[in-house]
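Here is how the chains run, residue by residue.
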Amino acid sequence: QLQLVESGGGLVQTGGSLKLSCQASGPTFSEATMGWFRQAPGKERAFVAAIRSAGNTFYADSVKGRFTISRDNAKDTVYLQMDSLKPEDTAIYYCASTWAVRIYSRESYYYWGQGTQVTVSS
């Protein structure tokens with residue numbers, strides 16, 4: 001079992017930056033692929049980024065070049081550095097874990113955090 005707790009959300013102006021953290025507790029963090037998803041009001045939860053245990057990273061086209069996912073296995077933590085934020089990035093951001101090959105689909109993720117709100121003002 002893996003418990004996930006996100007932090008770092010908040011209110012930021014367009015063009016600003018935020019760094020989200022996801023603290024994991026459980027014995028299997030280092031083996032898991034960790035992902036970030038986001039859900040805006042009235043929209044489905046969507047893939048943002050993922051990082052495999054070996055460090056390979058994957059991004060949604062909408063955030064490529066602006067967001068950076070990383071992990072520190074010694075601290076059981078995954079991060080999402082968000083730069084050049086836009087109002088359309090406003091959403092609740094969720095951290096999740098998977099051991100599946102399909103890393104873009106939310107159905108592949110088994111454990112989820114409670115989410116952290118990110119609001120980008122124009």
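Keep in mind the model is a prediction, meaning the values are calculated, not measured. (Residues numbered from 1 in each chain as written. Predicted model: local features only at pLDDT ≥ 70, side-chain atom pairs only at ≥ 80, totals over all residues. Heavy atoms only, no water.)

J.: Just checking my understanding: could you explain the sheet that holds strand E1 (residues 3–7) for this structure?
T.: In spatial order, the strands read E1-E3-E8-E7; together these 4 strands make up an open sheet with antiparallel pairing. Two strands bound the open sheet, and with one partner strand each, they are E1 and strand E7 (67–72). Geometrically, the sheet is characterised by an average inter-axis angle of 15 degrees between neighbouring strands, direction not taken into account. Pairing between E1 and strand E3 (residues 18–25): 5 bridges, direction antiparallel. Paired with Ser-7 across the bridge in E3 is Ser-21. (Pairing = 2+ DSSP bridges. Helix = DSSP H or I, 4+ residues; strand = E, 2+ residues; numbered from the N terminus. Axes fitted to C-alpha atoms, helices over the stretch in contact; angles between N-to-C directions.)

J.: Would you mind going over the nonpolar core with me for this structure?
T.: Ranked by size, the top nonpolar core spans 34 residues in total, and within it Met-34, Trp-36, Val-78, Leu-80, Met-82 and Tyr-93 carry the most contacts. Counting residues per element, the ones that place at least two in this core are E3, strand E4 (33–39), strand E5 (46–51), E7, strand E8 (77–82), strand E9 (91–98) and strand E11 (116–121). When residues in this core are grouped by element, the largest group, 5 residues, is from E5. (Core = buried A, V, L, I, M, F, W, Y, C linked by side-chain atoms within 4.5 Å. Buried < 20%, exposed > 50% of the residue type's maximum accessible area, 1.4 Å probe, protein only.)

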